[in-house]
Amino acid sequence: MPTERNTSSFLSLSSGNGRSSRGSGTTNYSQTEQESLDRIRREKASLLQEIKTLKDEIADCDWIIERLDVDEDGRPNSERQFLMLGKKKFNLDPKKGIDYLVDHKVLQFTAEDVARFLFNGEGLVKAAIGDYLGEPDAFNQKVLEEFIRLHTLSKTDLVSALRVFLWSFRLPGEAQKIDRMMEKFAQHYCSQNESVFASVDCCYVLSYAIIMLNTSLHNRAVKDKQTVESFINMNRSINGGGDLPREMLVAMYDSIKSEQFRIPEDDGHELVPTFEDPDRQGFLWKQGGKYKTWKQRWFVLNDSVLYYFTAQTDKEPKGIIPLENTQLREIEDRGKPFCFELYLPNSQVVKACKTQKDGKVITGRHTTYRVSAMSALEKEEWMRAIRSCTSDNPFLGMLQERKRKAQKFYHGVVQ
Ligand code: 4IP
């Protein structure tokens, strides 16, 4: 609050009228100053009165609203309040939230009603929706089916359908859960677009390929961007043993290239991890392919791809090894301790590429990528991190299985 002295100095600045002399210790105002001061005091008092009246009115309204919404013990009493509280509970613990809403008769305990609530989604955390839909419990699974059914996908191309579907909740991180959701999505898509794919497996595999393509094209850290030809090759024979129309795959590629998927990121599960936060990085010794010399290289494991660099600060990797189909084993080597290696069955060449000194990119020549860690512990940690990206990974394993099924469908069913 301004003191009288403050007010008077304000007056002296603002009025600029003639003023009386000021004695030391007491303040004398001119008549004009005094009149202004009185007027301001009156205005201030009137404003304070107005503020008080408004505050009282607001308090009255609050009181009325509260009385309307709570019972005499002060507990929420209206559907609106139950709904608000239920949503808050759902975001912290989805099952408890649904139970609360059912107990308070905001929701019926039917898969349809719960699915509609999740599909509407207002005020709900998308990760919590994903967690609830991913639960293996029979009721949750029924809700998942109803939830997916609420998406109208007919006459929608697969990329657009995935854009809508993957935005309605956050995919959980667990392989089995992702598998269940993508399976039901593919079933629903195929039931609404009957003649597009030869099988649900084809739709499932292609959906996953599209998600991977999105990562490849839009994750700045992925240097080796997937080309339209490699996208087409990747999806060879998945349509009941035959190929999908080239124009369809090209259109999908172009759509993803021009507009990346929006994926909800409101929790810690990363469907699309970034290179800034790799799964693991550090120095390892790597044995050469043709000449078995050992070179110390900086390795980065990110998004199921192992990169190696000559120096830690290098921007361009020297080599890139996608891990999807590789296998991993511990190995003894006479030259180096703490060894393990990536390999393929039947001594096939491991899919990889590397940049030569002249800058030319060529395919790798290794039948095994043998590396040596700096300690037993580092070896263990590297192996654990790599194993989660290789074919030992349950989701990638499931995807491979699905791909095999999609490719065999024609021979198995039609012939
Ligand atoms: C080289 O040996 C290096 O070990 C290379 O590693 C390796 O390439 C070569 O394998 C291997 O012959 P020398 O340097 O003694 O010639 P780096 O590229 O890390 O320097 P990659 O990258 O494939 O391991 P081949 O298979 O390219 O010959």
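Residues numbered from 1 in each chain as written. Predicted model: local features only at pLDDT ≥ 70, side-chain atom pairs only at ≥ 80, totals over all residues. Heavy atoms only, no water.

J.: How would you explain helix α9 (residues 175-192) if you had to name every residue and give the values?
T.: Compared with the 26 Å implied by 1.5 Å per residue over 18 residues, the 26 Å span of α9 between its first and last C-alpha is a close match. Every buried residue of α9 is listed here: Ala175, Lys177, Ile178, Asp179, Met181, Met182, Lys184, Phe185, Ala186, His188, Tyr189 and Cys190. (Helix = DSSP H or I, 4+ residues; strand = E, 2+ residues; numbered from the N terminus. Expected span 1.5 Å × (residues − 1). Buried < 20%, exposed > 50% of the residue type's maximum accessible area, 1.4 Å probe, protein only.)

J.: Outline the pairing of strand β2 (residues 294-302), listing residues and values.
T.: Of all 9 residues that make up β2, 7 are buried, and the element is covered over most of its length. Sheet topology note: the strand β1 (residues 280-287)/β2 ladder contains 8 bridges and is antiparallel. The residue bridging Phe283 from the neighbouring strand is Trp298, located in β2. Joining the antiparallel neighbours β1 and β2 is a turn of 6 residues. Here β2 pairs with strand β3 (residues 305-309) via 5 bridges, running antiparallel. By the bridge assignment for β3, Trp298 is matched with Phe309. In this antiparallel pair of consecutive strands, β2 and β3, the connection spans 2 residues, and Asp303 shows a positive phi of 55°. (Pairing = 2+ DSSP bridges.)

J.: Kindly report on unusual backbone geometry, identifying the contributing residues and their values.
T.: Unlike most non-glycine residues, Ser237 shows phi in positive territory, near 60°. If you trace the backbone, Ser237 turns up in the loop between α11 (228-234) and α12 (246-258). A positive phi is found at Asn346, a non-glycine position, where the angle reads about 60°. Relative to the helices and strands, Asn346 is located in the loop between β6 (339-343) and β7 (353-355). On the basis of relative accessible area, Asn346 is assigned to the exposed category, the value being 70%.

J.: How would you explain the site of the ligand if you had to name every residue and give the values?
T.: Taken together, 13 residues lie near the ligand, and Lys286, Lys295, Tyr308, Lys354 and His366 sit nearest. Interatomic distance of 2.5 Å between a side-chain N/O atom of Tyr308 and an oxygen atom of the ligand. Taken atom by atom, the bulk of the ligand overlaps the second largest pocket. Broken down by class, the residue content of the shell around the ligand amounts to 2 nonpolar, 4 polar and 7 charged. (Near = heavy atom within 4 Å. Polar contact = N/O pair within 3.5 Å; in protein donor to acceptor, adjacent residues only side chain to side chain. 1 Å grid on protein atoms, 1.4 Å probe; cavity = no way out; pocket = protein on both sides within 12 Å on 5 of 7 lines; lining within 4 Å. Sits in = over half its atoms within 2 Å of the grid points. Nonpolar A, V, L, I, M, F, W, Y, C, P; charged D, E, K, R; others polar.)

J.: Give a description of the packing of aromatic side chains that names residues and reports values.
T.: Enumeration according to the criterion identifies 14 aromatic pairs in this entry. Here Phe147 and Phe169 contribute two aromatic rings whose centre-to-centre distance is 5.8 Å and whose plane-to-plane angle is 85°, an arrangement assigned as edge-to-face. Of this pair, Phe147 sits in helix α7 (residues 138-149) while Phe169 is found in the loop between α8 (158-167) and α9, placing the two residues 22 residues apart along the sequence. Summarising the burial analysis for this pair, Phe147 and Phe169 share the class buried. With 5.4 Å between their ring centres and 40° between their planes, Phe299 and Tyr308 make a pair best called tilted. Phe299 gets classed as buried once you look at its relative accessible area, which sits at 1%. Linked through ring pairs, Phe119, Phe147, Phe165, Phe169, Phe185, Tyr189 and Phe197 together constitute an aromatic cluster. A cation over an aromatic ring shows up here: Arg329 above the ring of Tyr343, its NZ or CZ 3.7 Å from the ring centre. Directly above the aromatic system of Trp285 lies the positively charged group of Lys336, at a separation of 3.8 Å from the ring centroid. (Phe/Tyr/Trp six-rings, centres within 6.5 Å; stacked < 30°, edge-to-face > 60°. Lys NZ or Arg CZ within 6 Å of the ring centre and 35° of its normal.)

J.: Explain α12 to me, and be specific about the residues and the numbers.
T.: Here α12 is 13 residues long and its end C-alpha atoms lie 18 Å apart, about the 18 Å a rise of 1.5 Å per residue gives. Buried residues along α12 sit against α8, α10 (200-218) and α11. (Contact = heavy atoms within 4.5 Å.)

J.: Pulling in residues and values, what's your account of the layout of surface pockets?
T.: Approximately 480 Å³ is the volume found for the second largest pocket. Lining of the second largest pocket is provided by 19 residues; of these, Lys286, Gly288, Lys295, Lys318 and Lys354 occupy positions nearest its centre. Among the secondary structure elements, those contributing two or more residues to the lining of the second largest pocket are β1, β2 and β7. Of the residues contributing to the lining of the second largest pocket, the split by class is 3 nonpolar, 8 polar and 8 charged. (Points joined across faces, edges and corners; volume = space filled by probe spheres on them.)

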